[in-house]
Amino acid sequence: YLLVLEARHDYYYIYAPLGVLLYMEERWADARSYFQQAYDFEKEEHFYAFLTALAYRKDGLDDEMEEYLKKAIVLFPRDSLYYKMARIFFESNSEGFVTGEVSREQNNDMKQKNLFILATHSLLNGQTTLAQTWFLEVEDKAFPSSFERRLAIWELEKYRNEGSKQ
């Protein structure tokens, strides 16, 4: 991916996949940068905004994540699941509402992306069992080559490897 970027800096199709690889290497600042660049080119793909926000959280930069999401949320359609999802980052009592909205989502792609966001949010809040349940659903039901599935499998591998060491 980096060689492609060296040859063509404007090849924005590479930004999101590179962000995923960097996320999986826990290079949070680099992952954020590429997810943000992908979002800059595809403003309707709000999942990139959440991947950027989650990379802030993974890096322990909660204040920066909130600041970022406050700016990004104005781009989300107010009636969208993404707009509702953003609430869990600002209102701790909205998780039940948002979980219900995700479970009722009919579009599987949208549902799995938002389940990944919920799972990661839960993981970062110490709700490991709940996070694993949602990661497993994403692994099972998301499109095989989707970013959310790849990242869910990556998160689950940590627990699978931990269990095999015991």
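Each chain has its residues counted from 1, running along the sequence as written. Totals for whole chains, interfaces and linings use every residue, but because this is a predicted model, local features are given only for residues with pLDDT of at least 70 and side-chain atom pairs only at 80 or more, for both listing and counting. Note that water and hydrogens are dropped before the side-chain values are worked out from all heavy atoms of the structure.

S.K.: Help me understand the overall build of the protein in this model?
M.R.: When helices and strands are counted, the protein shows 10 helices and zero strands. Comment: elements are numbered from the N terminus, with helices defined as DSSP H or I runs of at least four residues and strands as E runs of at least two. Counting from the amino terminus, the protein carries its helices and strands in the arrangement α-α-α-α-α-α-α-α-α-α. As a reference, a globule follows 2.2 Å times the number of residues to the power 0.38, and the radius of gyration itself is taken over C-alpha atoms. Since a compact globule built from 166 residues should have a radius of gyration of about 15 Å, the 15 Å found for the protein is in line with a globular shape. Taken along the three principal axes of its C-alpha coordinates, the protein extends 45 × 45 × 30 Å. Split into buried and exposed, the 166 residues of the protein put 47% on the buried side. When contacts within the protein are restricted to residue pairs at least 6 apart in sequence, long-range pairs at least 24 apart make up 50% of them. Here the accessible surface of atoms and residues is derived via Shrake-Rupley with a 1.4 Å probe, and residues count as covered only by protein chains that are part of the display. Accessible area for the protein stands at about 8700 Å²; split by element, carbon and sulfur atoms hold 49% of it. By the counting scheme adopted, Arg and Lys are positive, Glu and Asp are negative, and His together with the chain ends is not counted. For the purpose of locating charges, the reference atoms are NZ of Lys, CZ of Arg, CG of Asp and CD of Glu. Each charge class in the protein was averaged separately, 20 positive and 28 negative side chains, and the resulting centres sit 2 Å apart. Using a 1.4 Å probe on the protein chains alone, a residue whose accessible area is under 20% of its type maximum counts as buried, one over 50% counts as exposed, and one in between counts as partly exposed. In what follows, residue pairs with any heavy atoms lying within 4.5 Å of each other are defined as contacts.

S.K.: I tried to follow the packing of aromatic side chains on my own but got confused; where do I start?
M.R.: Two aromatic rings are characterised by how far apart their centres lie and by the angle between their planes. Pairing of aromatic side chains requires ring centres within 6.5 Å, counting the rings of Phe and Tyr and the six-membered ring of Trp. Pairs whose planes differ by under 30 degrees are stacked, by over 60 edge-to-face, and all others tilted. Taken as a whole, this structure holds 12 aromatic pairs when the rule is applied. Site record: aromatic cluster; members linked through ring pairs are Y23, W28, F35 and W154. Criterion for a charge above a ring: Arg CZ or Lys NZ at most 6 Å from the ring centre, at most 35 degrees from the ring normal. A cation over a ring is seen here: R32 above Y56, with NZ or CZ 4.4 Å from the ring centre. In this structure, K158 is placed above the aromatic ring of W154, and the distance from its NZ or CZ to the ring centre is 3.8 Å.

S.K.: What am I meant to see in the pattern of salt bridges here?
M.R.: For side chains of opposite charge, pairing can occur when their charged atoms come near one another. Put simply, a salt bridge is a Lys or Arg side-chain nitrogen that is within 4 Å of an Asp or Glu carboxyl oxygen. For the coordinates displayed, the defined rule picks out 15 salt bridges. E157 is paired through a salt bridge with R160; the nearest N and O atoms lie 3.3 Å apart. Here R160 and E157 lie together in helix α10 (residues 147-165), a separation of three residues that amounts to about one turn. Among the residues examined, R160 registers a relative accessible area of 35% and is labelled partly exposed.

S.K.: Quick question: what am I supposed to make of unusual backbone geometry here?
M.R.: Even without a glycine there, the phi angle at E26 is positive, about 60°. Inspection of the secondary structure assignment puts E26 in the loop between α2 (15-24) and α3 (28-41).

S.K.: Please explain the nonpolar core as it appears in this structure.
M.R.: The nonpolar side chains of a soluble globular protein tend to be buried with one another. The biggest cluster of nonpolar side chains holds 53 residues, and the ones touching the most others in it are Y23, F50, F76 and F116. Counting residues per element, this core draws most heavily on helix α4 (residues 47-58), at nine residues. Excluding residues within four positions of it along the chain, F50 makes contact with L69, F76, Y82, M85, A86, F89 and I117. To qualify as a nonpolar core, a set must consist of buried Ala, Val, Leu, Ile, Met, Phe, Trp, Tyr and Cys residues joined through side-chain atoms within 4.5 Å.

S.K.: Help me understand the confidence of the model for the protein, please; the structure alone is not making it clear to me.
M.R.: Interpretation of this model should avoid reading the predicted coordinates in detail wherever pLDDT is low. Summary of the metric used: pLDDT quantifies the predictor's per-residue confidence within the range 0 to 100. Of the residues in the protein, 92% reach a pLDDT of 70 or more, and the chain-wide mean stands at 92. Ranking the helices and strands of the protein by mean pLDDT puts α4 first, with 98, and helix α1 (residues 2-7) last, with 62.

S.K.: Got a minute to help me understand the side chain of R32 in this structure?
M.R.: You can see R32 is positioned in helix α3. For R32, a relative accessible area of 12% corresponds to the buried category. Those residues within four positions of R32 in sequence are excluded, and the remaining contacts are T52, A55, Y56, D59 and L61.

S.K.: Quick question: what am I supposed to make of helix α8 (residues 108-124) here?
M.R.: Because each turn of an α-helix spans 3.6 residues, side chains separated by three or four positions end up pointing in the same direction. An expected span of 1.5 Å times one less than the residue number is assigned to each helix. For α8, built from 17 residues, the straight-helix expectation of 24 Å at 1.5 Å per residue is met to within 8% by its first-to-last C-alpha distance of 24 Å. As used in this structure description, the phrase polar contact means that two N or O atoms lie within 3.5 Å; if the pair is within protein, one of them must be able to donate a hydrogen and the other to accept it, and residues adjacent in sequence are counted only when both atoms belong to side chains. Where α8 begins, the side chain of N107 points an oxygen toward the backbone nitrogen of D109, at a separation of 2.9 Å. Two residues or fewer after α8 comes G126, characterised by a positive phi angle close to 80°.

S.K.: Looking at this model, I keep getting lost on the packing of α4 against α8. Mind explaining?
M.R.: Two packed helices can be described by the angle between their axes and the distance between those axes. All axes here are fitted lines through C-alpha atoms, helices being fitted over the stretch that makes contact, and every angle between N-to-C directions spans 0 to 180 degrees. It is the contact of α4 with α8, at a shortest axis distance of 11 Å, that shows an interaxial angle of 10°. As summarised for this structure, α4 and α8 are arranged roughly parallel, according to the angle between their axes. Taking contact as the criterion, the partners of F47, F50, L51, L54, R57 and K58 in α4 are, on α8, K113, F116, I117, T120, H121, L123 and L124. In this classification, Asp, Glu, Lys and Arg are treated as charged, Ala, Val, Leu, Ile, Met, Phe, Trp, Tyr, Cys and Pro as nonpolar, and every other residue, Gly included, as polar. Among the residues forming the contact of α4 with α8, the class breakdown is eight nonpolar, two polar and three charged. Oblique is the label for any angle not under 35 degrees, not over 145, and not in the 65 to 115 range, which are roughly parallel, roughly antiparallel and roughly perpendicular in turn.

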